[in-house]
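Listed here are the chains, written in short residue letters.
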Amino acid sequence: MNTHKKWIASRVRLGWALLILGILTIIAGIIFELNLTHLPYNFRLVTGLGILFAGGGIGYLVRYIAALKDAQSARRLAIEEQDERSVLIRTRAGNRAFWVSAALVYLGLLWASFASSGSLPALAGDVLWFFLAACVLVPFAVYIAGILLDQRSL
Amino acid sequence: MHNRLAELRAQHGLTQQELADYVAVSRQTIISLENGRYNPSILLAFRLARLFHLTIEEIFIFSVEDDTDILFGGQS
């Protein structure tokens, strides 16, 4: 097996691992939701995480399994993934997302600091939930936008 | 940085995909290189130079003016 096929095979293994982990997490989430009703936790978050893992795993498998059968496709796919320009684009997008993430967390800290002195209303309930969701989703959106932007400019 | 990549590729009768396959990068990278939007790593520059039996300087043309702009913000 050549280097590219080995690399593709490692991606396929990662895909299966993610899929299995996702399915186990979904099952665990459903079991917790049905049996641990007395606990004050929202176990849908566990199920949601499982769906995310399983989705990622399926994505990997769809992308890489077909390439395993054909040496030329395996080579092209491996090259595309490790291509220096693509790596640069992903690195720049990740850097932007990191700073946005850091800024959001810093904003949250500032808010909490002002809230503790009574200058601002405390982050609680739905507002806190939306803020935390934004801390996850906004950097991710910035990462995707950064990739699209740099694919045009670089 | 300017380069002669499109000209050399045409001289050798290669498509962008064939050139990309020879130097193990994506076709999009070749397009970006030819358009001058992207400067290659030293490794890729060497691969291209070896493929065309030229030196790096014969393919990628270093411009003092462009570099001065970067170094001194246009004030030489």
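Residues numbered from 1 in each chain as written. Chains lettered and ligands numbered in written order. Predicted model: local features only at pLDDT ≥ 70, side-chain atom pairs only at ≥ 80, totals over all residues. Heavy atoms only, no water.

Caption draft 1: Summary view of the overall build of chain A. A tally of helices and strands in chain A yields 5 helices and 0 strands. Taken from N to C terminus, the helices and strands of chain A fall in the order α-α-α-α-α. The C-alpha atoms of chain A give a radius of gyration of 21 Å, which is well past the 15 Å a tight globule of 154 residues would have. For chain A, buried positions account for 26% of its 154 residues. Pairs at least 24 apart in sequence give 74% of the contacts found in chain A among residues at least 6 apart. On chain A, roughly 10,200 Å² of surface is accessible, and the fraction owed to carbon and sulfur atoms is 71%. If the 14 positive side-chain charges of chain A are averaged to one point and the 8 negative ones to another, these points end up 6 Å apart. (Helix = DSSP H or I, 4+ residues; strand = E, 2+ residues; numbered from the N terminus. Rg over C-alpha atoms; globule rule 2.2 N^0.38 Å. Buried < 20%, exposed > 50% of the residue type's maximum accessible area, 1.4 Å probe, protein only. Contact = heavy atoms within 4.5 Å. Areas by Shrake-Rupley, 256 points an atom, 1.4 Å probe, with all protein chains shown as cover. Lys, Arg positive; Asp, Glu negative; His and termini not counted. Charge placed at Lys NZ, Arg CZ, Asp CG, Glu CD.)

Caption draft 2: Representation of the overall build of chain B in the model. Summing up its helical and strand segments, chain B has 6 helices and 2 strands in all. Helices and strands in chain B line up, N terminus first, as β-α-α-α-α-α-β-α. Principal-axis analysis of the C-alpha atoms places the extent of chain B at approximately 40 × 25 × 20 Å. For chain B, the proportion of its 76 residues judged to be buried stands at 39%.

Caption draft 3: Geometry of the packing of aromatic side chains. Residue and element names in this part refer to chain A. Counting across every chain of the model gives 6 aromatic pairs over all chains. Aromatic side chains Tyr41 and Phe43 sit 6.2 Å apart centroid to centroid with 75° between the ring planes, which places their arrangement in the edge-to-face category. Three or more aromatic residues joined by ring pairs form one cluster here, namely Trp7, Tyr60 and Tyr64. (Phe/Tyr/Trp six-rings, centres within 6.5 Å; stacked < 30°, edge-to-face > 60°.)

Caption draft 4: Structural view of the side chain of A:Lys5. All names here are of chain A. Note on placement: Lys5 falls in helix H1 (residues 3–35). Buried charge Lys5 goes without a salt bridge, the closest partner of opposite sign being Asp70 at 7.2 Å. Contact partners of Lys5, with chain neighbours within four places excluded, come to Leu68, Lys69, Asp70, Ala71 and Ala74. (Salt bridge = Lys/Arg side-chain N within 4 Å of Asp/Glu carboxyl O.)

Caption draft 5: Highlighting the packing of helix H2 (residues 16–23) of chain B against helix H4 (residues 42–51) of chain B. Residues and elements named next belong to chain B. Close contact between H2 and H4 brings their axes to 10 Å; oriented N to C, the two are set at 110°. With respect to their mutual orientation, H2 and H4 come out roughly perpendicular. Like other packed secondary-structure pairs, H2 and H4 cross with a definite hand, here right-handed. Residues Leu19, Tyr22 and Val23 of H2 form the contact with H4, whose participating residues are Leu44, Arg47, Leu48 and Leu51. Of the residues that constitute the contact of H2 with H4, the class distribution is 6 nonpolar, no polar and 1 charged. (Axes fitted to C-alpha atoms, helices over the stretch in contact; angles between N-to-C directions. Parallel < 35°, antiparallel > 145°, perpendicular 65-115°, else oblique. Left-handed = near helix turned anticlockwise from the far one by under 90°. Nonpolar A, V, L, I, M, F, W, Y, C, P; charged D, E, K, R; others polar.)

Caption draft 6: Summary view of helix H3 (residues 71–82) of chain A. Residues and elements named next belong to chain A. The end-to-end C-alpha distance of H3 is 16 Å, a good match for the 16 Å that 12 residues give at a rise of 1.5 Å each. Among all positions of H3, only Ala74, Leu77, Ala78, Ile79 and Glu81 are buried. On its buried side, H3 packs onto H1, helix H2 (44–68) and helix H4 (84–116). (Expected span 1.5 Å × (residues − 1).)

Caption draft 7: Quick look at a nonpolar patch on the surface. Where nonpolar side chains cluster on the molecular surface, the patch consists of A:Val105, A:Tyr106, A:Leu109, A:Leu110 and A:Phe114 and spans about 500 Å² of accessible area. Along the chain, A:Val105 turns up in helix H4. (Patch = residues over 30% accessible without salt bridge, like charges linked within 9 Å, V, L, I, M, F, W, Y side chains within 5 Å.)

Caption draft 8: Representation of the environment of B:Tyr38. One can find B:Tyr38 in the loop between helix H3 (27–34) and H4. B:Tyr38 sits in the buried class, given a relative accessible area of 7%. Here the alpha-carbon distance between B:Tyr38 and B:His2, two residues 36 residues apart in the chain, equals 10.0 Å. With residues near it in sequence (within four places) discarded, B:Tyr38 still touches A:Glu84, A:Arg85, A:Leu88, A:Leu154, B:Thr29, B:Ser32 and B:Leu33.

Caption draft 9: Quick look at the confidence of the model for chain A. The predicted model of chain A averages 91 in pLDDT, with 99% of residues at 70 or higher. For chain A, H3(A) is the element with the lowest average pLDDT, namely 84, and H4(A) is the one with the highest, namely 95. (pLDDT = per-residue confidence, 0-100.)

Caption draft 10: Structural context of the pattern of salt bridges. Counted under the stated rule, the structure contains 8 salt bridges over all chains. Across the pair A:Arg44 and A:Glu33 runs a salt bridge, and its minimum N-O distance is 3.4 Å. On the criterion of sequence distance, the pair formed by A:Arg44 in helix H2 and A:Glu33 in helix H1 is long-range, its members being 11 residues apart. Of the residues examined, A:Glu33 reaches a relative accessible area of 32% and is grouped as partly exposed. The salt bridge partner of B:Arg4 is B:Glu7, with a shortest N-O separation of 3.2 Å. Connected via shared salt-bridge partners are A:Arg75, A:Arg76 and B:Asp21.

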